[in-house]
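Each chain, written out:
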Amino acid sequence: SPGSSGINAEYGVFPAQFVHLGGDEVHYPCWKKNENITQWMAAHNMTGDYDALENYYEQRLLDIVNSLHKNYIVWEEVFYHHVKITPQTIVHAWKPNWKRIFQQATTAGYRCILSAGWYISRIYYGEDWQKFYQLDPRSFNDTATPDQLALVMGGTVCMWGEHIDNSNVVSRFWPRASAPAERLWSPEYITDVEFMEPRLEAHRCRMVMRGYPAEPMTLRGHCQHEYTWRRKHE
């Protein structure tokens with residue numbers, strides 16, 4: 001089909017084991033204003049049921065990917081909308097209720113990754129890296145079984161671009177993203193922010209020394225080499 005040939009072409013360019021198919025934050029008012037969509041919904045007995053339309057789209061997309069024998073990651077909405085997904089599916093949680101999603105998904109036997117709590121684009125006053133560092137994706141349920149915990153693959157940092165451009169993308173991201181990075185690469189008992197703070201400060205100074213505008217992350221942080229802006233001329 002045209003859909004499968006297009007997706008297959010993308011796999012040829014990006015031959016990864018998994019593809020992230022999205023599935024979050026569908027804006028129904030856009031569909032409501034599109035006459036072609038509303039007419040199609042009427043012809044298929046879906047008038048006004050935009051949840052059903054979203055599920056139809058997601059199911060069609062997943063079926064195409066399944067026909068190509070590829071694995072995929074989906075945002076949590078696809079899981080709790082009860083779209084038929086394969087046992088190999090990875091559920092990606094991003095909302096504040098991520099613990100409930102992890103509990104339900106791992107109970108059903110699905111692997112999970114976390115982004116909730118690690119949105120670098122959200123800036124908070126003070127040393128916000130500390131809450132990034134102390135967040136453990138395996139902490140969704142104190143009574144989780146070993147089989148459930150084994151399905152927690154880790155997480156990923158996100159940064160959306162509504163207020164980001166070339167002037168602040170590096171400073172917004174670094175060294176803030178180093179905190180969740182170490183959290184994900186470390187044993188679960190390593191959560192001491194006092195242990196992390198001097199190393200985070202040293203890493204920030206290394207980046208500044210190498211020419212990156214990494215933001216100060218600690219109250220007493222100071223680098224021997226201060227970052228200075230240098231205008232590049234063609």
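Please read these numbers as outputs of a predicted model, since none were measured by experiment.

Asker: I'd like a rundown of the nonpolar core, residues and numbers included.
Answerer: Leu62, Trp98, Phe102, Leu114 and Trp129 are the most contacted members of the largest nonpolar core, which totals 37 residues. Of all the elements in the fold, those that place two or more residues in this core are helix H4 (50-67), strand E2 (71-75), helix H5 (76-80), strand E3 (90-93), helix H6 (98-107), strand E4 (111-114), helix H7 (129-134) and helix H11 (193-209). Looking at this core, the element that brings in the most residues is H6, giving four residues. Sequence-distant contacts of leucine 62, that is, excluding residues within four places in its chain, are made with Leu21, Tyr72, Val74, Val78, Val83, Lys84 and Ile85. Within the second largest apolar cluster, six residues are counted, among which are Tyr28, Met41, Met46 and Leu53.

Asker: I'd love a proper account of the environment of histidine 92, names of residues and values included.
Answerer: Looking at the element boundaries, histidine 92 is found in strand E3. In this structure histidine 92 comes out as buried when scored by relative accessible area, which is 3%. Between the C-alpha atom of histidine 92 and that of methionine 41, which follows or precedes it by 51 residues, the distance is 29 Å. Not counting the four nearest positions on each side in its chain, histidine 92 is found in contact with His20, Ile73, Val74, Trp75, Glu76, Ile113, Leu114, Ser115 and Thr156.

Asker: Give a description of the packing of helix H3 (residues 35-43) against H4 that names residues and reports values.
Answerer: Two numbers describe how H3 lies on H4: the axes approach to 11 Å, and their chain directions differ by 90 degrees. The angle between H3 and H4 falls in the class roughly perpendicular. Seen from H3, the contacting residues are Ile37, Thr38, Trp40 and Met41; seen from H4, they are Tyr50, Leu53 and Tyr56.

Asker: How would you summarise the sheet that holds E4 if you had to cite specific residues and measurements?
Answerer: The strand order across the open sheet built from five strands is E1-E2-E3-E4-E5, with neighbouring strands paired in parallel fashion. Of all the strands in the sheet, the pair left with one neighbour each is strand E1 (18-20) and strand E5 (152-155). On average, each strand axis in the sheet is inclined to that of its neighbour by 25 degrees, with strand direction left out of account. Contacts from H6 reach E3, E4 and E5 within the one sheet, and its direction differs from that of E4 by about 165 degrees.

What counts and what doesn't
Residues numbered from 1 in each chain as written. Predicted model: local features only at pLDDT ≥ 70, side-chain atom pairs only at ≥ 80, totals over all residues. Heavy atoms only, no water. Core = buried A, V, L, I, M, F, W, Y, C linked by side-chain atoms within 4.5 Å. Buried < 20%, exposed > 50% of the residue type's maximum accessible area, 1.4 Å probe, protein only. Helix = DSSP H or I, 4+ residues; strand = E, 2+ residues; numbered from the N terminus. Contact = heavy atoms within 4.5 Å. Axes fitted to C-alpha atoms, helices over the stretch in contact; angles between N-to-C directions. Parallel < 35°, antiparallel > 145°, perpendicular 65-115°, else oblique. Pairing = 2+ DSSP bridges.

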